[in-house]
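Architecture at a glance
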Amino acid sequence: MYEQILSGLQRQHKAMELLLSLLLEEFSLLIARDTEAIVHLEFSIHELLRQIATEKTQVIRLLDGKKVRDYAGALAEDAREAALELLGALDEFEQRCARQASQNAELSLSLLDQSRALLNTLHTQLSPKNGDTYGKRGSMNSIRRPEAALLVGRL
């Protein structure tokens with residue numbers, strides 16, 4: 001059972017390393033604003049997160065609900081040190097991944113706000129300042145509408 005738990009923790013550790021590298025790549029793609037590549041990368045990240053969650057559930061099932069640190073404390077000296085060292089490294093990668101994911105989310109929300117502000121600015125620039133515009137038949141319309149007069153159809 002020890003080997004199964006240790007191999008599960010090692011797989012989680014390697015998966016966290018991969019997740020961190022994917023998150024760093026996502027950050028660089030966000031900076032470059034390469035939306036196509038970000039979309040493809042997001043699918044990989046979500047699949048990796050699903051696999052990590054499956055690994056965690058398998059380790060929890062093997063431990064029958066006990067904490068890994070408690071289990072590691074009951075092991076022999078060499079096995080305990082190896083397990084605790086692996087847990088520490090795994091925890092460090094989880095923290096780094098969480099910080100990077102938070103940074104990515106903050107950047108993507110900032111880009112969304114910037115795009116919204118740009119669209120609002122463009123909309124106000126394109127909207128006529130007064131309601132005096134030419135109608136469909138070439139006559140002057142002085143109907144005041146707050147929305148843009150460029151759009152003809154309405155639902």
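Our subject is the structure listed above.
Conventions and cut-offs
Residues numbered from 1 in each chain as written. Predicted model: local features only at pLDDT ≥ 70, side-chain atom pairs only at ≥ 80, totals over all residues. Heavy atoms only, no water. Axes fitted to C-alpha atoms, helices over the stretch in contact; angles between N-to-C directions. Helix = DSSP H or I, 4+ residues; strand = E, 2+ residues; numbered from the N terminus. Parallel < 35°, antiparallel > 145°, perpendicular 65-115°, else oblique. Left-handed = near helix turned anticlockwise from the far one by under 90°. Patch = residues over 30% accessible without salt bridge, like charges linked within 9 Å, V, L, I, M, F, W, Y side chains within 5 Å. Areas by Shrake-Rupley, 256 points an atom, 1.4 Å probe, with all protein chains shown as cover. Salt bridge = Lys/Arg side-chain N within 4 Å of Asp/Glu carboxyl O. Expected span 1.5 Å × (residues − 1). Buried < 20%, exposed > 50% of the residue type's maximum accessible area, 1.4 Å probe, protein only. Contact = heavy atoms within 4.5 Å. 1 Å grid on protein atoms, 1.4 Å probe; cavity = no way out; pocket = protein on both sides within 12 Å on 5 of 7 lines; lining within 4 Å. Points joined across faces, edges and corners; volume = space filled by probe spheres on them. Nonpolar A, V, L, I, M, F, W, Y, C, P; charged D, E, K, R; others polar.

Right, let's talk about the packing of helix 1 (residues 2-32) against helix 2 (residues 35-63) for a bit. It is at 9 Å that the axes of helix 1 and helix 2 come closest, and there the two elements cross at 160 degrees. When the interaxial angle is binned, helix 1 and helix 2 end up roughly antiparallel. The chirality of how helix 1 crosses helix 2 is left-handed.

To continue, consider a nonpolar patch on the surface. A surface patch of nonpolar side chains, amounting to about 310 Å² of accessible area, comprises Leu 118, Leu 119 and Leu 122. Within the secondary structure, Leu 118 is located in helix 4 (residues 77-126).

Attention shifts here to helix 4. In this model helix 4 runs 73 Å from its N-terminal to its C-terminal C-alpha over 50 residues, within 8% of the 74 Å that 1.5 Å per residue would give. Among the residues of helix 4, those classed as buried are Ala 79, Ala 83, Leu 86, Leu 87, Leu 90, Phe 93, Cys 97, Gln 100, Asn 104 and Leu 111. Close packing links the buried residues of helix 4 with helix 1 and helix 3 (68-73).

In this structure, the second largest pocket encloses a volume near 280 Å³. Along the walls of the second largest pocket sit 14 residues, with Leu 9, Lys 56, Val 68, Leu 87 and Leu 90 positioned nearest its centre. Elements that contribute at least two residues to the lining of the second largest pocket include exactly helix 1, helix 2, helix 3 and helix 4. Here the lining of the second largest pocket takes four residues from helix 4, the largest share from any one element. The class makeup of the residues in the lining of the second largest pocket is six nonpolar, two polar and six charged.

This paragraph deals with the pattern of salt bridges. A full pass over the atoms with the stated rule returns four salt bridges. Between Arg 11 and Glu 55 there is a salt bridge whose closest N-O contact spans 2.9 Å. Of this pair, Arg 11 sits in helix 1 while Glu 55 is found in helix 2, placing the two residues 44 residues apart along the sequence. Between Glu 77 and Arg 80 there is a salt bridge, with its nearest N and O atoms 3.1 Å apart. Remark: Arg 80 and Glu 77 occur in helix 4; sequence separation between them is three residues, near one turn of the helix. Judged by its relative accessible area of 43%, Glu 77 falls in the partly exposed class.

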